[in-house]
Amino acid sequence: MFLLQPRFLLPTAAAFGFLGLAIFVIAGRDFAFDSRLVMLFRDAADPSTPLGPAWFREMMRDVTALGSFVALGTMMVVAALTLRLCGHWRLALGLILTVLSAVAASTLLKIGIGRERPDIVEHAALTFTASFPSGHAFLSAVVLLGIAGFVGIASRRADISRICLWVAWILIIAIGVSRIYLGVHWPSDVLGGWCLGITWSSVAVAWLGRLAAGAEAREAGATGMERGVSPGTVGE
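Residues numbered from 1 in each chain as written. Predicted model: local features only at pLDDT ≥ 70, side-chain atom pairs only at ≥ 80, totals over all residues. Heavy atoms only, no water.

Draft legend 1. View of the packing of aromatic side chains. Taken as a whole, this structure holds seven aromatic pairs when the rule is applied. Pairwise contacts between aromatic rings join Phe 41, Trp 55, Phe 56 and Tyr 181 into one cluster. (Phe/Tyr/Trp six-rings, centres within 6.5 Å; stacked < 30°, edge-to-face > 60°.)

As structure tokens, this is what we get:
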């Protein structure tokens, strides 16, 4: 049954998770685990200093940079151009629309909710916007899961889809954790960003991906009929 499949249950659970977190944040409620997890990454003797040597702190700044507009935008452009050059211009357009709409949603949510950044530790990276949801967590999930989804549809190969998803999840988790480690986000900000990103990318890939794949199949069938090839043999 479709409603019991992971591809439906996961984004649905993520959507409810985001709504629950958003309602609590808007109501001004605090999460007990937020402060505990932030302090877990700090030196007990000096909370202004993240745990680990200087090179590790610098590495975490590099990791968090992977979730920046520049890095994610570059990933999106490269993936979209690759899809376009491989003849999947509809999938490329779907990826671009997915990401741009997510950027707009992230901006509006941050402005509308207006949650303050963590103030219990010194920030180890610069910040310019409100805290909830984490833009790095939200947009990295949208971009990376979106790329994995649209590339998976284009490739029609389960092994390529699995590799893309594994790489996507490793980067998504690393970027989110780096935001907490650097003290620029509450853990609930990151969790909310992940939940919204999973929902956003899942709906976009399922809807736009299905439309694009259907259009490409019809186009391939029409081309095959014009050449005197049976539609059932196209792509075999």
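Draft legend 2. Main features of the pairing of strand E2 (residues 46-50). Here strand E1 (residues 42-43) runs beside E2; their pairing, made up of two bridges, is antiparallel. Looking at the pairing, Asp 43 lines up with Asp 46 of E2. The turn joining E1 and E2, which pair antiparallel and follow one another in sequence, is formed by two residues. (Pairing = 2+ DSSP bridges. Helix = DSSP H or I, 4+ residues; strand = E, 2+ residues; numbered from the N terminus.)

Draft legend 3. Geometry of the nonpolar core. Counting 44 residues, the largest nonpolar core has Leu 95, Phe 132, Phe 138, Phe 150 and Ile 172 as the members making the most contacts within it. Where this core is concerned, the elements lending two or more residues are helix H1 (6-26), helix H4 (69-85), helix H5 (89-113), helix H6 (135-155), helix H7 (158-181) and helix H8 (187-226). Top contributing element to this core by residue count: H6, with eleven residues. Not counting residues up to four positions away in its chain, the partners in contact with Ile 172 are Ser 140, Ala 141, Leu 144, Leu 145 and Trp 194. (Core = buried A, V, L, I, M, F, W, Y, C linked by side-chain atoms within 4.5 Å. Buried < 20%, exposed > 50% of the residue type's maximum accessible area, 1.4 Å probe, protein only. Contact = heavy atoms within 4.5 Å.)

Draft legend 4. Structural context of the packing of H6 against H7. At a minimum axis distance of 9 Å, the contact between H6 and H7 shows a crossing angle of 175°. One element, H6, and the other, H7, form an angle in the roughly antiparallel class. Here His 136, Ser 140, Ala 141, Leu 144, Leu 145, Ala 148, Val 151, Gly 152 and Ser 155 of H6 lie close against H7, whose contacting residues are Ile 160, Ser 161, Cys 164, Leu 165, Ala 168, Trp 169, Leu 171, Ile 172, Ile 175 and Arg 179. Residues that form the contact of H6 with H7 fall into these classes: 13 nonpolar, five polar and one charged. (Axes fitted to C-alpha atoms, helices over the stretch in contact; angles between N-to-C directions. Parallel < 35°, antiparallel > 145°, perpendicular 65-115°, else oblique. Nonpolar A, V, L, I, M, F, W, Y, C, P; charged D, E, K, R; others polar.)

Draft legend 5. Up close: the pattern of salt bridges. Going through the model one piece at a time under the given rule, you end up with four salt bridges. For Asp 34, the salt bridge goes to Arg 115, with nearest N and O atoms at 3.2 Å. Separated by 81 residues along the polypeptide, Asp 34 in helix H2 (residues 32-40) and Arg 115 in the loop between H5 and H6 bring together distant segments of the chain. Between Glu 58 and Arg 61 there is a salt bridge, with the nearest N and O atoms lying 3.2 Å from each other. With Glu 58 and Arg 61 both in helix H3 (residues 54-65) and three residues apart, this pair spans about one turn of that helix. The exposure class assigned to Glu 58 is partly exposed, which follows from its relative accessible area of 41%. Through salt bridges with shared partners, one network takes in Asp 34, Arg 115 and Asp 189. (Salt bridge = Lys/Arg side-chain N within 4 Å of Asp/Glu carboxyl O.)

Draft legend 6. Structural view of the environment of Trp 186. Here Trp 186 is to be found in the loop between H7 and H8. Separated by 155 residues in sequence, Trp 186 and Phe 31 place their C-alpha atoms 9.2 Å apart. Setting aside residues up to four positions removed in sequence, Trp 186 forms contacts with Asp 34, Ser 35, Val 38, Arg 115, Glu 116, Arg 117, Pro 118, Asp 119, Ile 120 and Ser 131. Engagement of the side chain of Trp 186 in a polar contact is seen with the backbone oxygen of Glu 116, the distance being 3.5 Å. (Polar contact = N/O pair within 3.5 Å; in protein donor to acceptor, adjacent residues only side chain to side chain.)

Draft legend 7. Geometry of the packing of H3 against H7. Between H3 and H7, the shortest axis-to-axis distance is 8 Å and the interhelical angle comes to 125°. In terms of axis orientation, H3 runs oblique to H7. Helix-helix and strand crossings are classified by hand; for H3 and H7 the assignment is left-handed. Counted together, Phe 56, Arg 57, Met 60, Val 63 and Thr 64 of H3 and Ala 174, Ile 175, Val 177, Ser 178, Arg 179 and Tyr 181 of H7 form the full contact between these two elements. Here the contact of H3 with H7 is built from residues that sort into seven nonpolar, two polar and two charged. (Left-handed = near helix turned anticlockwise from the far one by under 90°.)

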